[in-house]
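Close look at the chain arrangement
Here is how the chains run, residue by residue.
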Amino acid sequence: FLQGFSSIKQDVNKTTVEEFILIAFSDLRQLQLLLFFLVLIAYIICVTGNITIIVLVRTEPLLQTPMYFFISTFAVLEIMFVTDAIPKLLDNLISGNKRISFIECFTQMFVFNGLGATECYMLLVMAFDRNLAINNPLQYSAFMRKEIYSLLAVAPWIGGFAASSVTTGFIAQLNFCGPNQINHFICDLAPLQMLSCSDPSMSKLVSILTAIFASIFSVLIIMSFYIHIIKAILKIKGAEGKQKAFSTCSSHLVVTSLFFGAVLVVYIIPTGRESTQFNKFLALVYTVLTPLLNPFIYTLRNKDVKSAIKKVKSLLTHFLVVFSSCKQIN
């Protein structure tokens, strides 16, 4: 990471490009204000929803389990993910400030791709957790001690940012002498590689290999876990038992499908300049829409979380009643 950023500083001195222009959705013109409010509302709901999940998991004894620990860690990841990309997009849409400095651009790209890869690995860890819980329920508690699931929660962050350091380091070696207009709302790998004045072949190869390892590798293992899970569920006697077992992993399956579906199209399938516009809109799916839906997916389909929310509501109602009574007495 440090070597990559030292390379960036060296390249700044060698290149005429000192800043980039994020075109974002300038072609929409009159719709930009509407898009601003939609993205702003989505961002607020996303952050609020994920913070709610974190608070519930930390305060509700019923949710003090490895599964909910991973869900709360995933919620922290989602907040950081949207915060890295959305504020700059909102500024772009409302003020027309499309400029981003060279270092800011590479920093955003490093963090964005690091968090994206971390999310891939975190979904893999969560699938492993559900597979272990359903296929080995008797050994689950003994294996999933606090130090073990804490380590499993930290490992994706290390792997994700290590992968991002590699891709950022290779792109930092490229020369940028103009043009400097990025047809995207964030600084990302492919748009920057297209602007390079030097040969980006090696950088593209490393980016694709890193993306394949982070996404396809994770998808294949997650699929194997779910095949194992489905086989175990089918062996359970009684519809109620099957439904209960599947409900513990259905939310994760939905989130995984939404996230990887968009990521595979953007980062794995070869694309040209003509598909950049499509990828830009598709990026909104995993940057805004998926993080927005995740809190609702985990709460609306999860009885334990809904029960915890009801408890919090009742406590807040009781507090408001007591506060109102005290106010009337005074």
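What counts, and at which threshold
Residues numbered from 1 in each chain as written. Predicted model: local features only at pLDDT ≥ 70, side-chain atom pairs only at ≥ 80, totals over all residues. Heavy atoms only, no water. UniProt positions renumbered as here; feature names shortened; annotations may be inferred. Helix = DSSP H or I, 4+ residues; strand = E, 2+ residues; numbered from the N terminus. Buried < 20%, exposed > 50% of the residue type's maximum accessible area, 1.4 Å probe, protein only. Polar contact = N/O pair within 3.5 Å; in protein donor to acceptor, adjacent residues only side chain to side chain. Contact = heavy atoms within 4.5 Å. Phe/Tyr/Trp six-rings, centres within 6.5 Å; stacked < 30°, edge-to-face > 60°. Pairing = 2+ DSSP bridges. Axes fitted to C-alpha atoms, helices over the stretch in contact; angles between N-to-C directions. Left-handed = near helix turned anticlockwise from the far one by under 90°. Nonpolar A, V, L, I, M, F, W, Y, C, P; charged D, E, K, R; others polar. Patch = residues over 30% accessible without salt bridge, like charges linked within 9 Å, V, L, I, M, F, W, Y side chains within 5 Å. Areas by Shrake-Rupley, 256 points an atom, 1.4 Å probe, with all protein chains shown as cover. Salt bridge = Lys/Arg side-chain N within 4 Å of Asp/Glu carboxyl O.

- Where an unreviewed UniProt entry is consulted, the protein chain appears under the name G-protein coupled receptors family 1 profile domain-containing protein, with the organism given as Staurois parvus.
- The heading Subcellular location (unreviewed entry) in the UniProt record of the protein chain holds the text "Cell membrane".

Here we look at the side chain of N92
- Tracing the backbone through its elements, the reader meets N92 in helix α3 (residues 66-95).
- Note on N92: relative accessible area 1%, which makes it buried.
- A polar atom in the side chain of N92 sits 2.9 Å from the backbone oxygen of L22.
- Here the side chain of N92 touches K98 through a polar contact of 2.9 Å, side chain to side chain.
- Not counting residues within four places of it along the chain, the set of residues in contact with N92 comprises L22, A24, N97 and K98.

A look at the packing of aromatic side chains
- The full count for this structure, using the stated rule, is 16 aromatic pairs.
- Between F36 and F37, the ring centres sit 5.3 Å apart and the planes meet at 75°, which makes this aromatic pair edge-to-face.
- Classification of F36 by relative accessible area gives buried; the value is 12%.
- Here F213 and F217 contribute two aromatic rings whose centre-to-centre distance is 4.8 Å and whose plane-to-plane angle is 5°, an arrangement assigned as stacked. You can see F213 and its partner F217 sitting in helix α8 (residues 201-235), 4 residues apart, about one turn around the helix.
- In textbook terms, an aromatic cluster arises when at least three aromatic residues are bridged by ring pairs, as seen for F20, F102, F106 and F176.

Structural notes on the sheet that holds strand β1 (residues 19-22)
- Read across the open sheet, the 3 strands follow the order β2-β1-β3; overall the sheet is mixed. Taken across any chain shown, the strands that pair with only one partner, and hence form the sheet edges, are β2 (99-101) and β3 (181-182).
- With 2 bridges connecting them, β1 and β3 associate as parallel partners. Residue L22 lies in a different strand from β3, and its bridge partner there is I182.
- Those strands touched by helix α4 (residues 102-135) are β1, β2 and β3, and its axis lies near 85° from that of β2.

Side note on the packing of α4 against helix α6 (residues 146-172)
- In the contact formed by α4 and α6, the axes pass within 7 Å of each other and the chain directions differ by 145°. Note that α4 runs across α6; the crossing there is right-handed.
- Among the residues making up the contact of α4 with α6, the classes are represented as 17 nonpolar, 8 polar and no charged.

Re unusual backbone geometry
- If you check the backbone angles, A24 has positive phi at about 55° while not being a glycine.
- Structurally, A24 can be placed in the loop between β1 and α2 (32-59).
- Overall, A24 belongs to the buried group, its relative accessible area being 0%.

Quick word on the UniProt feature "transmembrane region" (unreviewed entry) in the protein chain
- Feature annotation in UniProt assigns "transmembrane region" (unreviewed entry) to the following positions: residues 33-56, 68-86, 106-128, 148-172, 205-229, 250-269 and 281-300.
- The span residues 33-56 shows a helical share of 100% and a strand share of 0%, and its end C-alpha atoms are spaced 35 Å apart.
- Along residues 205-229 the backbone is 100% helical and 0% strand, and the end-to-end C-alpha distance reaches 35 Å.

Some details on a nonpolar patch on the surface
- On the surface, V166, F170, M202, L205, I208, L209 and I212 cluster together to form a nonpolar patch covering roughly 590 Å² of accessible area.
- At 5 residues, α8 tops the list of elements feeding residues into the nonpolar patch.
- Under the relative-accessibility criterion, L205 is labelled partly exposed at 45%.

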